[in-house]
Amino acid sequence: MSGVARQEPILRGEYARQRVLKAALEVLADQGLPGFTIEAVANRAGASKTTLYRRWTSRRALLIEAMDELASRPFPPPATGHLRSDLIELVHRADALLNEQPFPRLMAAFIDAVERDPALRSMHADVTESRRRPVRHVLVEARLRGEIAASADVDLAVDLLTAPAFYRRFIAHQPPAESYVAALVDHVLAALGWRRRRTHGAADPSTRMRE
């Protein structure tokens, strides 16, 4: 999005807050940290700087609240009911998120902000954790069911499942690949000693995903 919104008195309450936070994320995605100013966000939101300063005393405070809002949008839990297909679904979602604007621009800008302002590191950790949590939940549940070893290092497994998407998107600049996701999940499950659960009724949909 570009251009300057028409100046209008911004409405009070939650609607106004959401309008400003949406504008803040748009400015961060479009202009990066150097262009992220109270004035730029106010223009995008169609408000005055004075209005924004009444709630956010600095651009840092506004940046933190905007990124916190982004982090609070959780992935819906996978619904396949099978470990392998649940993990494939979650990794695909992460891949899609990292390749769908404006999220990658937001993350790049926020990583830059964290490098310049170490006080933002806890917020960056929160944003990252919000994307790791569903994967950890699926693995912990599988460990409780005995599908993976009781001694399995779940946090290491989360690293192995989530880190490649970031590397491929931001470092290698490689497009997502269907076969890559399935192969990644299979390698991690093999390392975890996965034992496919025997179920009655519907077949494990992951058997239809094998490449």
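About the criteria used
- Residues numbered from 1 in each chain as written.
- Predicted model: local features only at pLDDT ≥ 70, side-chain atom pairs only at ≥ 80, totals over all residues.
- Heavy atoms only, no water.
- Helix = DSSP H or I, 4+ residues; strand = E, 2+ residues; numbered from the N terminus.
- Buried < 20%, exposed > 50% of the residue type's maximum accessible area, 1.4 Å probe, protein only.
- Lys, Arg positive; Asp, Glu negative; His and termini not counted.
- Salt bridge = Lys/Arg side-chain N within 4 Å of Asp/Glu carboxyl O.
- Contact = heavy atoms within 4.5 Å.
- Expected span 1.5 Å × (residues − 1).
- Polar contact = N/O pair within 3.5 Å; in protein donor to acceptor, adjacent residues only side chain to side chain.
- Core = buried A, V, L, I, M, F, W, Y, C linked by side-chain atoms within 4.5 Å.
- Bend = angle between axes of the 7 residues up to and from the residue.
- Axes fitted to C-alpha atoms, helices over the stretch in contact; angles between N-to-C directions.
- Parallel < 35°, antiparallel > 145°, perpendicular 65-115°, else oblique.
- Nonpolar A, V, L, I, M, F, W, Y, C, P; charged D, E, K, R; others polar.
- Phe/Tyr/Trp six-rings, centres within 6.5 Å; stacked < 30°, edge-to-face > 60°.
- Lys NZ or Arg CZ within 6 Å of the ring centre and 35° of its normal.
- pLDDT = per-residue confidence, 0-100.

## Observations regarding the side chain of Asp86
- Structurally, Asp86 is set in helix α5 (residues 83-98).
- Despite its burial, Asp86 remains without a salt bridge, the nearest opposite charge being carried by Arg145 at 5.9 Å.
- Residue contacts for Asp86: discarding those within four places in its chain leaves Pro78, Ala79, Thr80, Gly81 and Val138.

## Comments concerning α5
- An ideal rise of 1.5 Å per residue puts 22 Å on 16 residues; α5 measures up with 23 Å between its terminal C-alpha atoms.
- For α5, the secondary structure elements touched by its buried residues are α6 (103-116), α7 (121-145), α8 (154-171) and α9 (178-191).

## Quick word on the side chain of Glu147
- Note on placement: Glu147 falls in the loop between α7 and α8.
- Looking at Glu147, the relative accessible area reads 4%, which means it is buried.
- A distance of 2.5 Å separates polar atoms of two side chains, one belonging to Glu147 and the other to Arg145.

## Looking at the nonpolar core
- If you look at the biggest cluster of nonpolar residues, it comprises 35 residues, and the most contacted ones within it are Phe36, Val41, Leu52, Leu62, Leu63, Met67 and Phe110.
- Secondary structure elements with two or more residues in this core: α1 (14-31), α2 (38-45), α4 (59-71), α6 and α7.
- Here this core takes eight residues from α1, the largest share from any one element.
- With sequence-adjacent residues up to four places away left out, Val41 is seen in contact with Val20, Ala23, Ala24, Val27, Phe36, Leu52 and Leu62.
- Within the second largest apolar cluster, 23 residues are counted, among which are Ala152, Ala157, Leu184 and Trp194.

## Concerning α7
- Over its 25 residues, α7 runs 35 Å from end to end, which matches the ideal 36 Å to within 8%, given 1.5 Å per residue.
- The largest bend in α7 amounts to roughly 35° and is located at Arg132, with the proline Pro134 lying one to four residues further along.
- All of the buried residues along α7 are Met123, His124, Val127, Ser130, Arg131, Arg132, Pro134, Val135, Val138, Leu139 and Ala142.
- One or two residues past the end of α7 sits Gly146, with phi positive at roughly 85°.

## Some words on the environment of Phe170
- With respect to the helices and strands, Phe170 occurs in helix α8.
- Using a relative accessible area of 22% as the deciding quantity, one classes Phe170 as partly exposed.
- Sequence separation between Phe170 and Asn99 is 71 residues; the distance between their C-alpha atoms is 9.9 Å.
- Among all residues touching Phe170, those that are not within four sequence positions of it are Leu98, Pro104, Met107 and Ala108.

## As for the packing of α5 against α7
- Two elements in contact, α5 and α7, have axes separated by 10 Å at closest approach and are oriented at 175°. The angle between the axes of α5 and α7 places the two elements in the roughly antiparallel class. Between α5, through Leu83, Asp86, Leu87, Leu90 and Leu97, and α7, the contact on the second element is made entirely by Arg131, Pro134, Val135, Val138, Leu139 and Ala142.
- In the contact of α5 with α7, the residues fall into nine nonpolar, no polar and two charged.

## Focus on the packing of aromatic side chains
- By the definition in use, this model includes one aromatic pair.
- Residue placement shows Arg168 over the ring face of Tyr180; its charged tip is 3.8 Å from the ring centre.
- Sitting above the plane of the Phe170 ring, Arg169 keeps its charged end 5.6 Å from the centroid.

## Regarding the confidence of the model for the chain
- Across the chain, the average pLDDT comes to 83, with 85% of residues at or above 70.
- No element of the chain has a lower mean pLDDT than α4, at 84, and none a higher one than α2, at 95.

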